[in-house]
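Now for the letters of each chain:
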Amino acid sequence: MAICTVSTSHSLHSTCYISAPTRTTAHLGFHQRQVIFYTGGRRSARRGGIVPSVVTCAAGGANTVVIGLAADSGCGKSTFMRRLTSVFGGAAEPPRGGNPDSNTLISDTTTVICLDDYHSLDRTGRKEKGVTALDPAANNFDLMYEQVKALKDGIAVEKPIYNHVTGLLDPPELIKPPKILVIEGLHPMFDPRVRDILDFSIYLDISNEVKFAWKIQRDMAERGHSLESIKASIEARKPDFDAYIDPQKQYADAVIEVLPTQLIPDDNEGKVLRVKLVMKEGVKYFSPVYLFDDGSTISWIPCGRKLTCSYPGIKFAYGPDTYFGKEVSVLEMDGQFDRLDELIYVESHLSNLSTKFYGEVTQQMLKHADFPGSNNGTGLFQTIVGLKIRDLYEQIVAEKAATPLEAAKA
Amino acid sequence: MATTLAGVSVSTARAAPAAGATRPVTTPRAAFPLVRFPRRAGSRLAFARAAATGPATPSNISDKVSESIKAAEEACAGDPVSGECVAAWDEVEELSAAASHARDKLKGSDPLENYCKDNPEADECRTYED
């Protein structure tokens, strides 16, 4: 940690920032100042209302690890976030005493912000202009970049709140720089400036068949909804989804693809899923998980003499591949776990999981057995990606801690 | 570990909020369990998800969802690819997602659970392993 106080500021080597993110707060029209001094992790803030100007001293420069999670609405981002924050320990909860409709989740280590908060057009504005929330024209990427960059550099921001119930932009909330910042939403990898400051990025790629099945499950009981309305909504949004959301997957370090099963011929119920974890090779601090032998091509049916599975069974595949012209490793699971011993058996055959103890994947899956997807590849791969992100974070922190020591020795 | 919900697929009617008089009294929550329940007898693993039942959507959001669907159907009657039509269906998606999140929030708001979060040592919060 930095030893950074006002009295010793002369001894600091360029780890203090003075920044005036004017656009950050311009929409508020205030001109009062807030100064935040970081004192070795603790923060004494003199609040004068808003944050047009901030002085920050942080340990060795940037100290927040930023993760991007992209997916369409209703495709499991919330569940993924709950699994991810659980891997880091401690439950993520909305900010205390804040706007009850805030989209932010905060735990000891992690803050999750929803990128819908950067809508530049509210619901009425989008209706008037005839654009969807998927359209970049409805989003303020300048403000998104400024605020994510500020948080990465250890500077608190006043982030707007998009209220999903009223469709209006509510007064902003103060977001302090966390150890890990997750930005989740429709466009975390759309703007190249935002994309470049991500330490790791994930795309949840839900096939059309599964998306339809999930939305039926979510909406069918809702008054006014019917199969026709669910279908109409998906189809109306599809051109914008294809144009602005889907292309982001080429930039992701990890993609979780959710497809219908191939274990049941002509299955279109969407009950059994085939899930692929596409992991980019050569990403710093991230080494892909593998099955049996790194880099080989493997097809594995764990059910047999040693392990009995019920219909339709479980099938794994692993191997190298290319994804948008880049080298990747792909791990695939088709089918679902019905019993604990199946999960443990599978975990014991996977390598490079970044677990801290034997059985940690199984433990995490059991802890959240009530979450959607806990018995199939979506839960398994989300948990694995959570463990890889914890490992990435720990490597970055360890490297930062080592750097000043080396500098002092030299 | 919780007891296993072996082979159960329930479709229980959710109580509808006491809002307008013209509305039906109950809204059945359709059973579309994507997650198959464990079939094996004696399984201790509660992988099952009690997806079939859950709290009802708060009436203010529920009203907005049904109104937005009507508005979208009207907006698309003339031109099914117009910006107006697409934006209207996008609003339906946004409100449907908000309704789902609101139900999830209610699911987690058991008064005893909330009390026990702050007072884990209290008698009524003790749990027993068998």
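Remember, predicted model here, so these are calculated numbers, not experimental data. Sequence order as written defines residue numbering, which begins from 1 separately in each chain. Chain letters start at A and ligand numbers start at 1, both assigned in the order the entries are written. It should be noted that, the model being predicted, local features are given only for residues of pLDDT at least 70 and side-chain atom pairs only at 80 or more, the latter also being counted only at that level, while totals for whole chains, interfaces and linings use all residues. Side-chain metrics rest on all non-hydrogen atoms present in the structure, leaving aside hydrogens and water.

A word on the sheet that holds strand β6 (residues 105-106) of chain A
Residues and elements named next belong to chain A.
So, step 1. When DSSP finds at least two bridges between two strands, those strands are taken to pair. Counting from the N terminus, the helices are DSSP H or I runs at least four residues long and the strands are E runs at least two residues long. The ten strands lie next to each other as β6-β7-β10-β5-β11-β12-β13-β17-β16-β15, forming an open sheet whose pairing is mixed. Where the open sheet ends on each side, the last strands, each with one partner, are β6 and β15 (298-300).
So, step 2. Sheet analysis places strand β5 (residues 65-70) next to strand β11 (residues 200-206), joined by four bridges and oriented parallel. Among the inter-strand pairings, Ile-67 is bridged to a residue of β11, identified as Phe-200.
So, step 3. Contacts from helix α6 (residues 208-219) reach β11, β12 (254-260) and β13 (273-280) within the one sheet, and its direction differs from that of β12 by about 75°. Note on definitions: a residue-residue contact is assigned when non-hydrogen atoms from the two residues lie within 4.5 Å. Comment: axis = line fitted to C-alpha atoms, over the contacting stretch for helices; angle = value between 0 and 180 degrees taken between N-to-C directions.

Details of the pattern of salt bridges
So, step 1. One side-chain nitrogen of Lys or Arg within 4 Å of one carboxyl oxygen of Asp or Glu is enough to make a salt bridge. What the rule picks out here adds up to 27 salt bridges over all chains.
So, step 2. The salt bridge partner of A:Asp72 is A:Lys211, with a shortest N-O separation of 3.0 Å. Here A:Lys211 lies in helix α6 and A:Asp72 lies in the loop between β5 and α2 (77-87), a separation of 139 residues in the sequence.
So, step 3. Among the residues examined, A:Asp72 registers a relative accessible area of 3% and is labelled buried.
So, step 4. On the basis of relative accessible area, A:Lys211 is assigned to the buried category, the value being 5%.
So, step 5. Here B:Glu94 ties to A:Arg123 by a salt bridge, and the two come within 2.8 Å at their closest N and O atoms. Of this pair, B:Glu94 sits in helix α2 (residues 83-107) while A:Arg123 sits in helix α3 (residues 123-129), on two different chains. Note on accessibility: B:Glu94 and A:Arg123 belong to one class, buried. Think of it in three bands: with a 1.4 Å probe and only protein chains considered, a residue is buried below 20% of the maximum accessible area for its type, exposed above 50%, and partly exposed in between.

Considerations on a negative patch on the surface
So, step 1. Candidates for patches are residues over 30% relative accessible area with no salt bridge; among them, like charges are joined within 9 Å and nonpolar side chains (Val, Leu, Ile, Met, Phe, Trp, Tyr) within 5 Å. For accessible areas, the Shrake-Rupley method is used with a probe of radius 1.4 Å. Any residue's cover is judged against the shown protein chains and nothing else. Asp and Glu are treated as the negative residues and Lys and Arg as the positive ones, with His and the ends of the chain left uncounted. Throughout, a charge is located at the NZ atom of Lys, the CZ atom of Arg, the CG atom of Asp or the CD atom of Glu. Taken together, the side chains of A:Glu281, A:Asp293, A:Asp294 and A:Glu327 present a region of like negative charge at the surface.
So, step 2. Mapped onto the elements of the fold, A:Glu327 is located in strand β17 (residues 326-335).

Remarks on the pairing of strand β8 (residues 157-162) of chain A
Residue and element names in this part refer to chain A.
So, step 1. Of all six residues that make up β8, six are buried, and the element is covered over most of its length.
So, step 2. Neither face of β8 is exposed, since Val-157, Lys-159 and Ile-161 on one face and Glu-158, Pro-160 and Tyr-162 on the opposite face are all buried.
So, step 3. Both β8 and strand β9 (residues 169-175) contribute to a ladder of five bridges, which runs antiparallel. Across the sheet, Glu-158 pairs through a bridge with Leu-174, a residue of β9.
So, step 4. Between the end of β8 and the start of β9, which pair antiparallel, lie six residues, with Gly-167 showing a positive phi angle near 80°.

Focus on unusual backbone geometry
The phi angle of most residues is negative, glycine excepted, and most peptide bonds adopt the trans form.
Residue and element names in this part refer to chain A.
So, step 1. The linkage connecting Tyr-311 with the following residue, Pro-312, adopts the cis geometry, with an omega of 0°.
So, step 2. Tracing the backbone through its elements, the reader meets Pro-312 in the loop between β15 and β16 (314-323).
So, step 3. One non-glycine residue, Phe-292, adopts positive backbone phi at about 65°.
So, step 4. In this fold, Phe-292 is placed in the loop between β14 (290-291) and β15.
So, step 5. Exposure remark for Phe-292: the relative accessible area of 40% places this residue in the partly exposed category.
So, step 6. Unlike most non-glycine residues, Phe-324 shows phi in positive territory, near 50°.
So, step 7. Checked against the element boundaries, Phe-324 lands in the loop between β16 and β17.

Focus on the pairing of β5(A)
For a regular strand, side chains alternate in direction, first toward one face of the sheet and then toward the other.
Residues and elements named next belong to chain A.
So, step 1. Within β5, six of the six residues are buried, leaving the element largely enclosed by the surrounding structure.
So, step 2. Sheet topology note: the β5/strand β10 (residues 180-185) ladder contains six bridges and is parallel. Bridge pairing in β10 places Ala-70 opposite Gly-185.

Describing the state of the cysteines
So, step 1. Put simply, a disulfide is two cysteine sulfurs that come within 2.5 Å. Enumeration according to the criterion identifies two disulfides over all chains in this entry.
So, step 2. Two residues, A:Cys303 and A:Cys309, share a disulfide whose sulfurs are 2.0 Å apart. Here the S-S torsion is close to -90°, and the disulfide linking A:Cys303 with A:Cys309 is therefore left-handed.
So, step 3. The disulfide partner of B:Cys76 is B:Cys85, and the gap between their sulfur atoms is 2.0 Å. With the S-S dihedral at roughly 95°, the linkage between B:Cys76 and B:Cys85 falls on the right-handed side. Taken as a pair, B:Cys76 and B:Cys85 share a single burial class, namely buried.

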